[in-house]
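The residues making up each chain are set out below.
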Amino acid sequence: MNCRSALDIILQEFYKICEIPHPSHHEEQIGAYLFQWAKDHGLAVTKDRLGDIIIEKPAAPGCEASPRVILQAHMDMVCVAAEGVSFDPLRDPIKVINDGKILHADGTSLGADDGIGVALCLYILQDNTLRHGPLRVIFTVNEEDGMASIDMPAEHLDGDYLVNLDWEWLGSLCNSAAGCDFIRFRREAKWEAVSPDDTAIEVTLKGLQGGHSGVGINLGRANALVCVASALSRLAESGIPVKVTAFSGGQAKNAIPAAAQATVLVPTALSQQALQLLKDYEQDFVSAFGEKEPSYLYDVAVQEAHSVQQCLGVEISKSLLGLLVTLPNGVNTMSPFVPSLVESSQNLGLLTVGPAEITLEAMERSCVNYRAEEILRASRLIGELFGFTYEQGDHAPAWGVNPHSKLVPLTCDVYREITGKDMVVEPVHGGLECGAFFEKNPCLDMIAIGPSLTDVHSPDETCDIESVAVTAELITKILGRLV
């Protein structure tokens, strides 16, 4: 190990990760980089059929009989760009800005979720002065958009302890996580010719905070898709026929949509009434979200007639708006046992009105199976009522509390020694891969920890630099105590 500090090494590794495009489902480049990194450092490495990278580091001298510890982080990230920022997640690097206190990106999500976890693992793997038993590091693919680790071969999880580094606040330790289901609604897009007797109106809502649909779902933030649909629904409720010509919003099913835009046609004779109803909506938006969304921008404007070439019919337009305003969205139930813990929720994340098909993607989360089934059943029935097919996609299992954990109290003791503060032990409404790991090895003693991140899955994402250094010290001392 050279004379650079652990923090310097971690940050340099993170910068290299950010140079490599790694959105969900496209982890080939980052996987190849990590595989070669292990080879270059003389470590045994394998790649499984999913694309996960598994690296083995031998125990420190004298610690060979110690239990195996698994460190784990995911390779993929949610790629979100701010309004007006040109960004291709398959080609463009993340431009990291370090102001000495925090890391953030130039106009995009940072990817510290979970790139900083990967970088922490790379530091542990290359520091040969550390004392630890047999160590395995697992870098998984597609955590953000499907939880691919549910299909991970069980032999990778042959260990005694697992430290998941996909956590977002120093001083907090996660000991339980919600399960989640990805769902999709589809309907054929039947286009009609535009009538010369119609006027086109565009509604835009942007500048919202957005954020993580798990840990941020209870913060009272607005969902841009639902809000624009609510504004447009007022027209139909007032007897004004609406025909959608374009409607889009959201960037990922697990991120709260921060922007949405729709263009609709209304009869020219009723266009002034429609404009007034849409403009009046802003007052209600402000009364509901003004304090939570201080940077919102809401605009209603008449479009040039020649700018619209085709439209959806009145009935299918009405069905689309009805689906968006009727489906469960946001917090569904709160836990009766853990104060302030969201028990179940759903996020309407991504709407696409394409040439052939209308697609809405959503994500349900719950730590109680009954509540999950309740939301999914309601969503299916509502979708069918509005003429949409319902598809239930990938499922990630929940991770329950282990009342006999040795790792939880040990970590709390080490954190108190380092900082002089007590660690908060808490479950989370977000999904973690620990649920998938628990299904494969129920004997694993697991925790999730990490440095302090804010506004993940959004262009405002940050990573506190000092918390990265403390997290590194915490991990190394935990490993030392387990020998």
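Presented here is a report on the structure given in the accompanying data block. Note that the coordinates shown come from a computational prediction; the quantities given were computed from them, not determined experimentally.

The end-to-end C-alpha distance of helix H5 (residues 271-289), which contains 19 residues, comes to 27 Å, matching closely the 27 Å that a straight helix rising 1.5 Å per residue would cover. Those residues of H5 that are buried are in contact with strand E10 (198-206), helix H4 (224-237), strand E14 (260-267) and strand E15 (297-302).

In this section: the pattern of salt bridges. Under the counting rule described, the total for this entry stands at 19 salt bridges. Salt-bridge contacts for Arg-221 lead to Asp-455; the nearest nitrogen and oxygen are separated by 3.3 Å. Here the residue Arg-221 occupies a position in the loop between strand E11 (211-212) and H4, and Asp-455 occupies one in the loop between strand E23 (453-454) and strand E24 (462-464), the gap between them amounting to 234 residues. Residues Arg-234 and Asp-284 are paired through a salt bridge, measuring 2.6 Å at the closest nitrogen-oxygen approach. Highlighted residues: Arg-234 in helix H4 and Asp-284 in helix H5, separated in sequence by 50 residues. Note on Asp-284: relative accessible area 37%, which makes it partly exposed.

Moving on to the packing of aromatic side chains. Aromatic ring pairs are reported here in terms of the distance separating the ring centres and the angle at which the planes meet. This structure, assessed with the given rule, holds 5 aromatic pairs. Taking the centre distance of 5.8 Å and the plane angle of 50° together, the rings of Tyr-281 and Tyr-298 count as tilted. Note that Tyr-281 is positioned in helix H5 and Tyr-298 in strand E15, a separation of 17 residues in sequence. Pair check on accessibility: Tyr-281 and Tyr-298 agree, each one buried. Members of the aromatic cluster, joined through ring pairs, are Tyr-281, Phe-285, Phe-289, Tyr-296 and Tyr-298. Against the face of Phe-388 rests Arg-187, its NZ or CZ located 5.9 Å from the ring centre.

Let us look at the layout of surface pockets. In this structure, the largest pocket occupies an estimated 600 Å³ of space. Among the elements that make up the lining of the largest pocket, the one with the highest residue count is E10 (3 residues). Of the residues in the lining of the largest pocket, the class split is 14 nonpolar, 14 polar and 4 charged. Taken as a whole, the second largest pocket spans an internal volume of roughly 330 Å³. Trp-167, Val-215, Glu-426, Pro-427 and Val-428 are the residues nearest the centre of the second largest pocket, which is lined by 16 residues in total. Per-element accounting of the lining of the second largest pocket gives the leading share, 4 residues, to strand E21 (residues 424-431). Split into classes, the residues belonging to the lining of the second largest pocket amount to 9 nonpolar, 5 polar and 2 charged.

With that out of the way, let us pick up the nonpolar core. With 70 residues, the main nonpolar core has Leu-71, Phe-139 and Ile-449 as its most contacted residues. Sorting elements by how many residues they give to this core places helix H3 (residues 112-126) first, with 10 residues. Among the nonpolar cores identified, the runner-up in size contains 51 residues, and Leu-232, Ile-240, Phe-247 and Ile-382 belong to it.

Okay, the side chain of Asp-113 next. With respect to the helices, strands and loops of the structure, Asp-113 is situated in helix H3. Although Asp-113 lies buried, it forms no salt bridge, and the closest oppositely charged side chain, Arg-365, sits 8.6 Å away as judged by the N-O distance. A polar contact of 3.1 Å, which involves the side chain of Asp-113, links it to the side chain of His-74. If we skip the residues at most four places from it in the chain, Asp-113 touches His-74, Asp-76, Met-77, Glu-144, Asp-166, Glu-168, Leu-453, Val-456, His-457 and Glu-461.

What follows deals with the sheet that holds E23. Here we have 4 strands laid out as an open sheet, ordered E4-E5-E24-E23, and antiparallel in their pairing. Every other strand in the sheet has two partners, leaving strand E4 (96-98) and E23 as the edge strands with one partner each. In terms of strand pairing, strand E5 (residues 102-105) meets E24 through 3 bridges, oriented antiparallel. When the bridges of E24 are listed, His-104 appears paired with Thr-462.

Summed over the entire model, instances satisfying the criterion amount to 2 cavities of 30 Å³ or more. Taken together, 19 residues form the lining of the largest cavity, with Glu-143, His-212, Arg-365, Gly-430 and Gly-431 sitting closest to its centre. Counting residues per element, the ones that place at least two in the lining of the largest cavity are strand E8 (172-188), strand E19 (357-366) and E21. Sort the elements by how many residues they give to the lining of the largest cavity and E21 lands first, with 3 residues.

On to the side chain of Asp-52. Within the secondary structure, Asp-52 is located in the loop between strand E1 (44-47) and strand E2 (53-57). For Asp-52, which is buried and forms no salt bridge, the nearest opposite charge comes from Arg-49, at a distance of 8.2 Å. Within the structure, the side chain of Asp-52 is placed 3.0 Å from the backbone nitrogen of Val-141, a separation counted as a polar contact. What Asp-52 contacts, discounting residues up to four positions off in sequence, is Thr-46, Lys-47, Met-75, Phe-139, Thr-140, Val-141 and Met-152.

The next subject is the environment of Leu-50. Note on placement: Leu-50 falls in the loop between E1 and E2. By relative accessible area, Leu-50 is classed as partly exposed at 23%. Spatially, the C-alpha atoms of Leu-50 and Met-152 are 7.3 Å apart, while their sequence positions differ by 102 residues. In contact with Leu-50, other than residues within four places in its own chain, are Val-141, Ala-148, Asp-151 and Met-152.

Here the focus is the state of the cysteines. Tallying each qualifying case throughout the model produces 0 disulfides. Counting only cysteine sulfurs, Cys-434 is the nearest neighbor of Cys-443, a cysteine outside any disulfide, at a range of 15 Å. A residue is classified by how much of its surface remains accessible, and Cys-443, at 68% relative accessible area, is exposed.

Here H4 crosses helix H6 (residues 314-326) at 125°, and the two axes come no closer than 9 Å. Between H4 and H6, the interaxial angle falls into the category oblique. Crossing handedness for the pair H4 and H6: left-handed. Residues Val-226, Ala-229, Ser-230, Leu-232 and Ser-233 of H4 pack against Leu-321, Leu-324 and Val-325 of H6.

About the cut-offs
- Residues numbered from 1 in each chain as written.
- Predicted model: local features only at pLDDT ≥ 70, side-chain atom pairs only at ≥ 80, totals over all residues.
- Heavy atoms only, no water.
- Helix = DSSP H or I, 4+ residues; strand = E, 2+ residues; numbered from the N terminus.
- Expected span 1.5 Å × (residues − 1).
- Contact = heavy atoms within 4.5 Å.
- Salt bridge = Lys/Arg side-chain N within 4 Å of Asp/Glu carboxyl O.
- Buried < 20%, exposed > 50% of the residue type's maximum accessible area, 1.4 Å probe, protein only.
- Phe/Tyr/Trp six-rings, centres within 6.5 Å; stacked < 30°, edge-to-face > 60°.
- Lys NZ or Arg CZ within 6 Å of the ring centre and 35° of its normal.
- 1 Å grid on protein atoms, 1.4 Å probe; cavity = no way out; pocket = protein on both sides within 12 Å on 5 of 7 lines; lining within 4 Å.
- Points joined across faces, edges and corners; volume = space filled by probe spheres on them.
- Nonpolar A, V, L, I, M, F, W, Y, C, P; charged D, E, K, R; others polar.
- Core = buried A, V, L, I, M, F, W, Y, C linked by side-chain atoms within 4.5 Å.
- Lys, Arg positive; Asp, Glu negative; His and termini not counted.
- Polar contact = N/O pair within 3.5 Å; in protein donor to acceptor, adjacent residues only side chain to side chain.
- Pairing = 2+ DSSP bridges.
- Disulfide = S-S within 2.5 Å.
- Axes fitted to C-alpha atoms, helices over the stretch in contact; angles between N-to-C directions.
- Parallel < 35°, antiparallel > 145°, perpendicular 65-115°, else oblique.
- Left-handed = near helix turned anticlockwise from the far one by under 90°.

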